[in-house]
Each structure stands twice: as C-alpha cells, then as structure tokens.
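Residues per chain are reported as follows:
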Amino acid sequence: MKKQEIVNKLLESNSAEAILFYSPENRYWFSRFKSSLGYLLITKTKSYLLVDGRYITAARNSNNIPKDIEIREFSNNLFVQMKEILKEHNVKKLGFESDWVHYAEFEKYAAIFTEQTLVPINCSEIRIVKDEWEIEQLQKACDITNEVFEAILEYVKPGMTEKELQRFVDNEFLVKGAEKISFDTIIASGVNGSMPHAVPTDKKIEIGDLVTIDMGCYYNGYCSDQTRTIAIGEIDAKLEDIYNAVYEAQSLGISLVSEGVNAGEIHKQVYDFIEKRGYGGYFTHGLGHGYGVEIHEEPYASAAGNTILKENMTLTIEPGIYIPGLGGVRIEDDILVLKDGYRMLTSATRELVKLKF
C-alpha cells in the first residue's frame, strides 16, 4: 500500500481531512527527506513539505522526495502558509500526532488553527508495515551489521577493555558504509553480562568470559539491531547451559513468526520455555520489538503486546538470561514477517562462537 493510501485510511478512520506531521520520524517515513525541523501537511489529495532556509536547497535538489510532494520554504510566515493550504483544500478537521506532540505544541496549534477542529490521531502504528524499498534499506543495514560482527571476531582479544571494543565497533560501522550507529553499542563481558543494557566500562575482557555485543546501524534512515554473545576461550559449563537455553528459546520464537500470529503469544511461549529450563526468573524483558525508522517501534512481542502480525511487519526476537554475579546471554535477530513464515534479515551465525587464543 502506498504511503498516501495509508494516511488516507488513517484520516478516514479518525474523521479528519488532513494531518500535520511534526515528528522527524514520520516526516522522513513519508518524504524520505531528513531535517531537524520541518512540517509535512498531508491532505487526502496532496502533500506539502515545509522546511526552512537551512534545508530548502537540499530538498529541492533531492532525488528521493516523491514528485507529488510540493516543497515549500518557510520563514516567519510558516503558519500563514499552512492556513492558506488548509483553506485551499477546505479542511475543517485537522489531525495531529497525539502520540508525539507535546502539550505546548498543541496549545500553539489551537491558537493558530482557529478555523479547524483539531483531531488527535495516534500514529504509532502508521509505519508498522514496510514497503519494498524500506525492506531493502533494512536488509542493507543488517548486511553491514553482519560485516561488522565478522570484523569483531578478528579484532577482539583478551586484555582489551569493553570501551576499546565499543570504539572499534562504532568506527567499523562507518568504515563499512553505515550512516551512524542506531543506538549506543552495548559491550558486556563476564559478570557485566547480567545487565541487559550494560554500559561499556574499563573492565578488561578475560579468558573464560562471555561477551554480549548488542549493536546496530542506520542505512538510508532505516536501522538494524543485532545481539550476539561470544565466548573468549572455553567457558564454565553453567554459562554454556545458559547459552544453549537462550539459543533454543530464540529458535522457538523465530519459528513461530508468521502472518496471523499474536506477537504477545510468541513472547509467552518463549518465556514458558525458558521457565521450564529453570531460568524463568532471569528472563526480564519483552521478547522483541519492531524496527524501521526508529530502533523501537510497533509491533512489540511482550507480555503486554497483542498485535496480530501481518506480512512485511518487522520485529526482533531477542530472549536473554541474566544471572547476577555470574553473567548473561542474549541472542537477537531482525525478522521480516511473511504470509507463511518469516525471513531472517540478520545473518551472523547464531551458534556459540568460541574464540581460541
């Protein structure tokens, strides 16, 4: 479905005639143009991208912006321009992003758009189904992530610190062609692996450690999110058992992905599996989340999630076991939902890698 059609359905279901996108994420999703500030005014028949002097030349020169989006420069007369567009299209009910707009911004809208009724519209699921171009960008981001993982296996050595490895990872993404990293890289070795979102420290990576590496990047505005846990030499039998439990749990979760499946039910089945393995109390987060323009977006595979998966939705499957004082394991992959099953976008090996030194 084309993005204009998606927006039109959203307008129809909310009894609105136009919507004003202010969030950078939704503006980029619709226009494929990035700017720190800007507005996208979309009626049922035409859309307008309004940017200031910092971005107007880049916008006019862009080959990515769809041809049917009219580009306009704004300065002090921004809202006068918007009101003229609304009058031209006879818009009486104007939608805004209720899940993103702050109250102060809403008050400004209310004071300006006095001839329109403002309609709050939850846009949190507007990007939930990806089109072919979006999937291509996600795949490229995942491919780059796999290249970085292969480089890590050649680079990591006992004695280097978590921070040293983090700096290598972040730079390697740029070397491999990413725009930027998609979140702060997590490097957690040894006992630090018991913290799901550990911050890299000056702790040295040692023989016998498991090292969790959670990383991702942006490519053309779309992101990847992959986690692997590797072994530095031989590891304790308990740690190996934890790894095997997470590997089997993730394999189960991936196998359940398909159109028509409740995302929350996938989480439940994986949690129940880990609990039967004796580690239920150590799996402390949701199984997965959507990704696209943002690193966390709909759908969510969690205890509270209940989204019914559809073809071309994307989500991560990332179970983990975290035992304070011992360590932890997380394995995460990026999955594309198909009509009958799934496609893996990430491709790094999921089996335990034991590096020899």
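Reading the values: rules and limits
- Residues numbered from 1 in each chain as written.
- Predicted model: local features only at pLDDT ≥ 70, side-chain atom pairs only at ≥ 80, totals over all residues.
- Heavy atoms only, no water.
- Pairing = 2+ DSSP bridges.
- Helix = DSSP H or I, 4+ residues; strand = E, 2+ residues; numbered from the N terminus.
- Axes fitted to C-alpha atoms, helices over the stretch in contact; angles between N-to-C directions.
- Polar contact = N/O pair within 3.5 Å; in protein donor to acceptor, adjacent residues only side chain to side chain.
- Contact = heavy atoms within 4.5 Å.
- Parallel < 35°, antiparallel > 145°, perpendicular 65-115°, else oblique.
- Left-handed = near helix turned anticlockwise from the far one by under 90°.
- Nonpolar A, V, L, I, M, F, W, Y, C, P; charged D, E, K, R; others polar.
- Expected span 1.5 Å × (residues − 1).
- Buried < 20%, exposed > 50% of the residue type's maximum accessible area, 1.4 Å probe, protein only.
- Arc of directions from axis to C-beta.
- Core = buried A, V, L, I, M, F, W, Y, C linked by side-chain atoms within 4.5 Å.

(A) Representation of the sheet that holds strand β19 (residues 341-344) in the model. The strand order across the open sheet built from three strands is β15-β18-β19, with neighbouring strands paired in antiparallel fashion. Strands with a single pairing partner mark the edges of an open sheet, and in this sheet they are β15 (314-317) and β19. The mean angle between the axes of side-by-side strands here comes to 40°, regardless of whether they run parallel or antiparallel. With four bridges connecting them, β15 and strand β18 (residues 333-338) associate as antiparallel partners. When the bridges of β18 are listed, L315 appears paired with I335.

(B) Quick peek at the side chain of N192. Take N192: it is sitting in the loop between β8 (186-189) and β9 (210-215). In terms of polar contacts, N192 uses its side chain to reach the side chain of E162, at 3.1 Å. Once you skip the residues sitting within four places of it in the chain, N192 turns out to touch E162, A198, T201 and K203.

(C) Here's a closer look at the packing of helix α6 (residues 132-155) against helix α7 (residues 162-175). In the contact formed by α6 and α7, the axes pass within 10 Å of each other and the chain directions differ by 140°. With respect to α7, the axis of α6 lies oblique. Every pair of crossing elements has a handedness; the one defined by α6 and α7 is right-handed. Contacts from I144, T145, V148, A151, I152 and Y155 of α6 reach α7 at E164, L165, F168, V169, E172 and F173. Considered class by class, the residues forming the contact of α6 with α7 number nine nonpolar, one polar and two charged.

(D) Local environment of helix α9 (residues 263-276). Taking 1.5 Å of rise per residue, 14 residues should cover 20 Å, and α9 covers 20 Å from first to last C-alpha, within 8% of that figure. Residues of α9 that are buried include every one of A263, G264, I266, H267, V270 and I274, and no others. Viewed end-on, α9 has its buried residues packed into an arc of 155°, placing them on one side of the element. Against the buried residues of α9 lie α8 (237-255), β14 (297-301), β15 and β16 (320-323). The distance from a side-chain oxygen at the start of α9 to the backbone nitrogen of G264 is 2.8 Å, and the residue carrying that oxygen is N262. Where α9 ends, the next residue or the one after it, G278, has phi of about 95°, a positive value.

(E) Spotlight on the nonpolar core. Counting 37 residues, the largest nonpolar core has V7, I19, F21, W29, I121 and I126 as the members making the most contacts within it. If near-sequence neighbours (up to four positions away) are discounted, I126 is found in contact with I6, V7, L10, F21, N26 and W29.

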